[in-house]
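# Observations on the model geometry
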Amino acid sequence: MTTVTSSTRTQVAIVGGGPAGLMLSHLLHVAGIESVVLDHRTYDEIATTHRAGILERDSVRLLVDSGASDRVLTDGHEHQGIDLRFGGESHRIDFQKYVGASCWLYPQTEVFIDLHAARTRDAGDLRYGISGAEVHEVGASSTGPRVTYLDPEGARHEVTAELVVGADGSRSICRDLVEPRTQYFREYPFAWFGVLVEAPTSAPELIYTRGEQGFALISQRTADVQRMYFQCDPSENPADWSDDRIWEQLQGRVAGPDGFRLNEGPVIDKSVLPFRSFVQTPMRHGRLLLAGDAAHTVPPTGAKGLNLALADVRVLAEVIERTVSKGEAEALDTYTDRALARVWKAQHFSYWMTTMLHQLPESTPFDERRQLGELATLVASEAGKTYLAEGYTGWPDRG
Ligand SMILES: Cc1cc2nc3c(=O)[nH]c(=O)nc-3n(C[C@H](O)[C@H](O)[C@H](O)COP(=O)(O)OP(=O)(O)OC[C@H]3O[C@@H](n4cnc5c(N)ncnc54)[C@H](O)[C@@H]3O)c2cc1C
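Residues numbered from 1 in each chain as written. Predicted model: local features only at pLDDT ≥ 70, side-chain atom pairs only at ≥ 80, totals over all residues. Heavy atoms only, no water.

### A short note on the overall build of the protein chain
- Helix and strand counts for the protein chain stand at 11 helices and 21 strands.
- At 22 Å, the protein chain has a C-alpha radius of gyration in line with the 21 Å of a compact globule built from 399 residues.
- Counting only C-alpha atoms, the protein chain reaches 65 × 45 × 40 Å along its principal axes.
- Here the protein chain, with 399 residues, has 54% of them falling under the buried criterion.
- Of all intrachain contacts in the protein chain linking residues separated by at least 6 positions in sequence, the fraction that spans at least 24 positions is 72%.
- Within the structure as shown, the protein chain displays about 16700 Å² of accessible surface, and the carbon and sulfur contribution to it stands at 50%.
- Once the 39 positive and 55 negative side-chain charges of the protein chain are each reduced to a mean point, those two points are 4 Å apart. (Helix = DSSP H or I, 4+ residues; strand = E, 2+ residues; numbered from the N terminus. Rg over C-alpha atoms; globule rule 2.2 N^0.38 Å. Buried < 20%, exposed > 50% of the residue type's maximum accessible area, 1.4 Å probe, protein only. Contact = heavy atoms within 4.5 Å. Areas by Shrake-Rupley, 256 points an atom, 1.4 Å probe, with all protein chains shown as cover. Lys, Arg positive; Asp, Glu negative; His and termini not counted. Charge placed at Lys NZ, Arg CZ, Asp CG, Glu CD.)

And the structure:
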């Protein structure tokens, strides 16, 4: 085994420096608690990987009120509703009218850049580009949890801490250390074909469309770059899709008697995103706690993944502060139940949006018409639109 070349003592070691890990580190710093963040990807890799784009009301509040980002309010775009489009017609769900809230279009890459800048400004200990992270001795009786890793030059280091947090995403190494654990899965028989295109915006807000050929989501990034998705088979190879073929699919899915068409332009990025629903419980084992995608993933239809990661660490920072600074050891016991209460609401919301809007491979003509009946009921009902608006903008955090 390689000799350990450095050993650092901190209060909280965080494996994973994505939105969950960085936001936690920032909130702990605000509470006067030290942390070290370890991530096996580089800053540039994370800052250029396109993922989520929609922030709930309370995610925006967290970023602004904690001092992590002002840019979300100046460079982000407030969306006061979405369009549901089916049968070739659009139906706007007005969030402000139904729940007095908005969500914000602000890409995950920008959230990462802002959080990283905040931690750098506050002299945070961030270690990107590491490899071989291993977590040791996190059981309830442990007095010395540790994380070991190799730096980019191959030298071995050790971080000892009072607590370790696994914020290491959907391929978490930390979640396997939770014993005993229960895992809940749901696989879906379709995926999203995601594209970034250089084109002007086609609509001021997101359009979720259920066309005869299946689902599409029309989203935005900037005035000149747009993000769009359409339902596809999980085995699709992006290389088989020319720009013309992609635009034909997208235009076909939004087409209707109103003559609506998308503004076209070159496709600058394309990928297939398989998705599933997953929850692991508990989210704590002794001195190890899980946050974000490490403990749960949702299909992206309800735009909940990033928001859940931020909601987890809002709770986690509070229980860690009570444990570390105030000696309330029992505070950690409350974490799993508090976090999972929101997670299961979001699991249901994402599942509901997904199954209502996608074409299921095994669906019969009855199923297709029932689905359209559900959409028609929803947009004709004040209660239905309120339900969607509440879930989409995020259930208020009641602490
Ligand atoms: C392609 C894609 C598209 C998505 N689109 C949407 C969307 O449109 N809307 C939405 O709401 N959500 C979307 N999501 C989900 C959303 O991006 C995640 O829910 C969010 O990133 C969760 O944040 P996190 O910090 O928990 O995990 P991550 O962002 O995955 O961060 C985990 C970090 O841990 C690091 N890491 C992993 N393993 C190790 C290890 N062994 N050692 C050290 N570091 C490690 C990773 O490098 C990563 O930086 C998408 C996800 C993907 C993959």
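What follows continues from the structure just given.
### Considerations on the site of the ligand
- Near the ligand you find 27 residues, and of these Ala20, Asp39, Arg51, Gln108 and Asp293 are the closest.
- Between the ligand and Ala20 there is a distance of 2.9 Å, counted from an oxygen atom to a backbone nitrogen or oxygen.
- One of the side-chain N or O atoms of Arg51 is found 3.0 Å from an oxygen atom in the ligand.
- Its free accessible area being 990 Å², the ligand has 86% of it covered by the protein chains.
- Secondary structure elements with two or more residues in the shell around the ligand: helix H1 (19-30), strand E3 (35-39) and helix H8 (305-324).
- Counting residues per element, the shell around the ligand draws most heavily on H8, at three residues.
- For the shell around the ligand, the per-class residue count stands at 14 nonpolar, seven polar and six charged. (Near = heavy atom within 4 Å. Polar contact = N/O pair within 3.5 Å; in protein donor to acceptor, adjacent residues only side chain to side chain. Nonpolar A, V, L, I, M, F, W, Y, C, P; charged D, E, K, R; others polar.)

### Looking at the pattern of salt bridges
- Under the definition given, this model contains 23 salt bridges.
- Between Glu137 and Arg146 there is a salt bridge, and its shortest N-O distance comes to 3.3 Å.
- Overlapping salt bridges bring together Arg71, Asp75, Glu110 and Asp114 as one network. (Salt bridge = Lys/Arg side-chain N within 4 Å of Asp/Glu carboxyl O.)

### What about the sheet that holds strand E5 (residues 77-79)?
- With respect to topology, three strands assemble into an open sheet ordered E4-E8-E5, the strand pairing being antiparallel. One side of each edge strand has no neighbouring strand; the edge strands of this open sheet are strand E4 (54-55) and E5.
- Pairing analysis gives three bridges linking E5 to strand E8 (residues 103-105), with the strands arranged antiparallel. Opposite His77, over in E8, you have Leu105 as the bridge partner. (Pairing = 2+ DSSP bridges.)

### Quick look at the domain arrangement of the protein chain
- As far as domains go, the protein chain holds domain 1 (4-79 + 105-184 + 277-352) and domain 2 (187-276 + 359-393).
- Centre-to-centre, using C-alpha coordinates, domain 1 lies 30 Å away from domain 2.
- Linking domain 1 to domain 2 there are zero salt bridges.
- Applying the counting criterion to the domain 1 and domain 2 interface returns nine residue pairs in polar contact (both at pLDDT 80 or more).
- Mapped by element, the contributors of at least two residues to the side of domain 1 that touches domain 2 are strand E18 (267-281) and helix H9 (335-357). (Domains from an automatic or database assignment.)

### Brief notes about the nonpolar core
- Counting residues in hydrophobic clusters, the biggest one holds 99 residues, and the most contacted among them are Leu55, Val165, Tyr208, Ile320, Leu388 and Tyr392.
- Per element, the largest residue contribution to this core is 11 residues, and it comes from H8.
- Composition of this core by domain shows at least three residues from each of domain 1 (4-79 + 105-184 + 277-352) and domain 2 (187-276 + 359-393).
- The contact partners of Tyr392, leaving out residues within four places of it in the chain, are Ile54, Glu56, Ile82, Phe95, Cys103, Leu206, Tyr208, Gly302, Ala303, Lys304, Phe349 and Met353. (Core = buried A, V, L, I, M, F, W, Y, C linked by side-chain atoms within 4.5 Å.)

### Quick notes on the environment of Ala339
- Residue placement: Ala339 occurs in helix H9.
- Note: C-alpha distance between Ala339 and Ala167 (172 residues apart in sequence) is 14 Å.
- Contacts of Ala339, omitting those with residues within four sequence positions, involve Met283 and Asp312.

### Things to note about the sheet that holds strand E1 (residues 4-9)
- Reading across the sheet, the four strands line up as E1-E12-E11-E10 and stay open at both edges, with mixed pairing between neighbours. What marks the edges here is a single partner per strand, and that holds for E1 and strand E10 (131-136). Each strand axis lies, on average, 15° off the axis of its neighbour in the sheet, ignoring direction. (Axes fitted to C-alpha atoms, helices over the stretch in contact; angles between N-to-C directions.)

### Regarding the pairing of strand E16 (residues 214-220)
- For E16, the tally of buried residues reaches seven of seven residues, placing the bulk of the element in the interior.
- When strand E15 (residues 207-211) meets E16, the two strands line up antiparallel, connected through five bridges. Each bridged residue has a counterpart across the sheet, and for Arg210 the counterpart in E16 is Phe215.
- If you look at the hairpin formed by E15 and E16, you'll find two residues sitting between the two strands.
- Sheet topology note: the E16/strand E17 (residues 225-232) ladder contains five bridges and is antiparallel. Each bridged residue has a counterpart across the sheet, and for Gln220 the counterpart in E17 is Gln226.
- Once E16 ends, the chain turns through four residues before running back antiparallel as E17.

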